[in-house]
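Structural overview for review
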Amino acid sequence: PRAMLFDVFAHSFFNPEEEMSAAEMLQYFHFYFMANPESLCFDVLDGPLSAILWDPLRTYLEERGVTFHLGTRVDSVARGQGEGGEHWDVYVSSADGSSERPHLTADGVVLAANVQGLQGIVDRSPHLGNPHWRGQIAALEPTNPYAVLRLWYDGDVSPDRVPFASTSGAGILDSVSLYHRLEESSARWHATTGGAVIELHAYAVPRRLWGDEDAIAQELLDGLHNLYPEVKNLTETQRRYHVMQDCPAFKVNTFTSRPPVETPHDSLVLAGDLCWIPMPSGLMERATASGFLAANKLLSGWNVRGETLYSVPTRGILAGVLR
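So, here's what we can say about the structure.

Cut-offs applied
Residues numbered from 1 in each chain as written. Predicted model: local features only at pLDDT ≥ 70, side-chain atom pairs only at ≥ 80, totals over all residues. Heavy atoms only, no water. 1 Å grid on protein atoms, 1.4 Å probe; cavity = no way out; pocket = protein on both sides within 12 Å on 5 of 7 lines; lining within 4 Å. Points joined across faces, edges and corners; volume = space filled by probe spheres on them. Helix = DSSP H or I, 4+ residues; strand = E, 2+ residues; numbered from the N terminus. Nonpolar A, V, L, I, M, F, W, Y, C, P; charged D, E, K, R; others polar. Salt bridge = Lys/Arg side-chain N within 4 Å of Asp/Glu carboxyl O. Pairing = 2+ DSSP bridges. Axes fitted to C-alpha atoms, helices over the stretch in contact; angles between N-to-C directions. Contact = heavy atoms within 4.5 Å.

Within this model, the second largest pocket holds a volume of roughly 400 Å³. A23, L26, Q27, H30 and T314 are the residues nearest the centre of the second largest pocket, which is lined by 20 residues in total. Top element by residues in the lining of the second largest pocket is helix 2 (residues 22-34). It accounts for six residues. Taken together, the residues of the lining of the second largest pocket sort by class into 13 nonpolar, four polar and three charged.

Once that is clear, we can look at the pattern of salt bridges. Evaluated as defined, the whole model comprises 13 salt bridges. Ionic pairing is found between R286 and E24, a salt bridge with its closest N-O pair at 2.5 Å. Of this pair, R286 sits in helix 8 (residues 283-300) while E24 is found in helix 2, placing the two residues 262 residues apart along the sequence. For the salt bridge of R73 with D75, the shortest nitrogen-to-oxygen distance reads 2.1 Å.

Moving on, we come to the sheet that holds strand 6 (residues 164-166). Reading across the sheet, the five strands line up as 6-7-8-5-9 and stay open at both edges, with antiparallel pairing between neighbours. Both edges of this open sheet fall to strand 6 and strand 9 (236-244), since each of them pairs with a single strand only. Going from strand to strand, the sheet's axes swing by 10° on average, the running direction of each strand aside. Sheet topology note: the strand 7 (residues 175-178)/strand 8 (residues 196-202) ladder contains four bridges and is antiparallel. Paired with S175 across the two strands is H201, which belongs to strand 8. Of the strands in this sheet, strand 5 (146-153), strand 7, strand 8 and strand 9 touch helix 7 (residues 213-227), which is tilted by about 60° from strand 5.

See below:
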């Protein structure tokens, strides 16, 4: 039971079980199992996220006057003073290598970066925040790396295989997704070729494998072959593979020290799964909820009504009974 619950759950949030905050783990169990009637049921998009979600959302926002600066590195943020009063200067890297510091101006700023990105911006912005807040940012850590290996094969796996399986006791392999049974473009490729598209995840790669991407890939394949032995008879035709380390760590005794959405500045806020928010949530839900909370905080400064957020009950069913 421990391997099936605690280890799988910790890895699902990109953290090794032996290092993860019990408070963080308890709120996940409360959110998904004890207070949420939908539990772990998810809707799954049947196409690439870029084509179905992000590109249409970008078009929607651009039609309403939003400008995107893609491929732009934010160096630092500072308070500025101009004809219109106080504002924020967001300094970015110069694309042409000029010595002039290009910047954008804004009435409000949301810092929604990963741990390393946020820490870099704050380090390069010496007048941002106060010592306590800067200490909270500096104390954040990224968790273990995660690996994603997508494989194309010249044949299919057994027809009784489920489209998605979360695993335990299979080495570093944490899940197996059969994309040709989940996603339309892969299904069309399967219909034409008879092949399979299989994606393997390792959510919390152990330290012994850090820096050895070939060994990580091999252990993922070993786990697949042990669980789906029929794959050994198939020929791999192509693969896509990446290893990244950009998710937040939730180590023991860090639950109450994470930075909230609010900062010492009324018009500068944080968002992302690294934030503390006043409601139980998982990583995707926390990233989304913190974005709404950040927007609501800024909108309140202009007397604009924000969005109402709903939460599962914040007290468990045994609260007040067990001591």
